[in-house]
Amino acid sequence: MRLPYRSKLAAASVLAVLAAGVALADPSPDAELVVNEDLTLVTRVAPGPAVAGVLSEVYSGWLYREAETRVMQMDDFDNPAMVFVDKGLDLWDKVDGTEGKSCASCHEGIESMKGVRSSMPKMNGAATDLWSLENFVNDCRTNRMGAEAWKWNSDDMKNLTSAISLQSRGEPMKVSVEGAAADWWERGKEIYYTRYGQLELACANCHEDNAGNMIRADHLSQGQINGFPTYRLKDAGVVSIHQRFVGCVRDTRAETFAAGSEEFRALELYVASRGEGLSIEGVSVRP
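Notes on the structure in this doc start here. (Residues numbered from 1 in each chain as written. Predicted model: local features only at pLDDT ≥ 70, side-chain atom pairs only at ≥ 80, totals over all residues. Heavy atoms only, no water.)

In this section: the pattern of salt bridges. Following the criterion strictly, the structure yields 10 salt bridges and no others. With a shortest N-O distance of 3.0 Å, Arg-265 and Asp-129 are connected by a salt bridge. A residue pair is termed long-range when its members are at least 10 positions apart, and Arg-265 in helix α10 (residues 262–274) and Asp-129 in the loop between β5 (122–123) and β6 (130–131) qualify at 136 residues. Residue Glu-281 is joined to Arg-286 by a salt bridge in which the shortest nitrogen-to-oxygen separation is 3.1 Å. (Salt bridge = Lys/Arg side-chain N within 4 Å of Asp/Glu carboxyl O. Helix = DSSP H or I, 4+ residues; strand = E, 2+ residues; numbered from the N terminus.)

Okay, structure coming up:
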């Protein structure tokens with residue numbers, strides 16, 4: 001399908017900006033992410049199977065941020081996301097639904113969620129569908145608590161998933177891409193390399209071909225998702241993985257998939273596999 005003349009100009013200008021950037025494989029070579037002067041997180045690892053031969057090293061998005069943004073994430077008192085984590089902790093203990101239960105009724109302390117975020121997304125218990133953390137939350141709400149499902153990007157959902165993710169801070173990302181998940185992974189990979197929209201850009205054009213370059217005022221990273229949910233300074237709030245996917249696809253001037261869709265769950269699995277070994281950052285801070 002031919003692009004209109006204006007769209008061709010827009011696409012050419014974006015590609016020109018990308019090409020004009022200075023390639024920086026590791027923008028902060030000496031930076032080390034130590035949270036609360038206690039917990040050292042892994043922000044660079046050798047490439048795993050998903051990116052072997054594609055990336056020479058795998059970097060967390062934290063390394064691509066300006067120094068003042070990186071510092072905000074190194075202290076929970078300075079991290080603006082912790083306000084939303086506190087709200088999520090309240091939701092964990094809140095009784096809701098017809099069964100008179102809270103999350104704690106079945107799972108007890110939220111620390112029992114350690115390691116959960118690092119394995120997401122994964123096949124559900126029946127191995128019939130690939131579920132993100134949000135799917136598991138809503139399954140518990142509807143089937144165990146007798147409560148209404150939350151919308152994918154509702155404040156309650158993002159607050160609770162932030163609190164759950166924090167329990168896995170420091171745990172290495174490791175998703176399963178075998179068995180029933182293999183087809184989902186292949187589907188996600190295809191989406192990652194497919195060009196979308198009037199600008200005809202794929203995820204790989206920015207986060208693989210141009211990681212380290214500047215596009216307008218943004219420093220392109222490898223697009224790793226180990227820091228999500230993340231507090232975006234631009235939005236003054238928490239952003240979910242699929243919320244960021246929606247924004248990226250819209251930036252190509254395409255009609256986007258919906259948050260929670262099969263397409264984005266498959267993409268989430270593939271992107272998660274690209275960051276194998278990076279530490280879960282709990283709730284990160286990004287521009």
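A few words on the side chain of Asn-135. One can find Asn-135 in helix α5 (residues 133–143). Judged by its relative accessible area of 18%, Asn-135 falls in the buried class. For Asn-135, the residues in contact, after removing those within four places along its chain, are Leu-130, Trp-152 and Arg-265. (Buried < 20%, exposed > 50% of the residue type's maximum accessible area, 1.4 Å probe, protein only. Contact = heavy atoms within 4.5 Å.)

A few words now on the packing of α5 against helix α6 (residues 155–166). Viewed as axis vectors pointing N to C, α5 and α6 meet at an angle of 110°, and their least axial separation amounts to 11 Å. Classed by the angle they form, the pair α5 and α6 counts as roughly perpendicular. Only Met-157, Leu-160, Thr-161, Ile-164 and Ser-165 of α6 make contact with α5, whose side of the interface consists of Leu-133, Glu-134, Val-137 and Asn-138. Residue classes in the contact of α5 with α6 are distributed as 5 nonpolar, 3 polar and 1 charged. (Axes fitted to C-alpha atoms, helices over the stretch in contact; angles between N-to-C directions. Parallel < 35°, antiparallel > 145°, perpendicular 65-115°, else oblique. Nonpolar A, V, L, I, M, F, W, Y, C, P; charged D, E, K, R; others polar.)

Attention now moves to the packing of aromatic side chains. Per the counting criterion, the structure on display carries 10 aromatic pairs. Ring plane angle 75° and centroid distance 5.0 Å describe the contact between Trp-131 and Phe-136, whose orientation is recorded as edge-to-face. Summarising the aromatic geometry, the rings of Tyr-192 and Tyr-270 are spaced 5.3 Å apart at their centres and angled 65° between planes, so their arrangement reads as edge-to-face. Placement of Tyr-192 in helix α7 (residues 181–192) and of Tyr-270 in helix α10 is noted, with a sequence separation of 78 residues between them. In this pair, the class of Tyr-192 matches that of Tyr-270, namely buried. A cation over a ring is seen here: Arg-70 above Trp-62, with NZ or CZ 5.5 Å from the ring centre. (Phe/Tyr/Trp six-rings, centres within 6.5 Å; stacked < 30°, edge-to-face > 60°. Lys NZ or Arg CZ within 6 Å of the ring centre and 35° of its normal.)

By themselves these figures say nothing about function.
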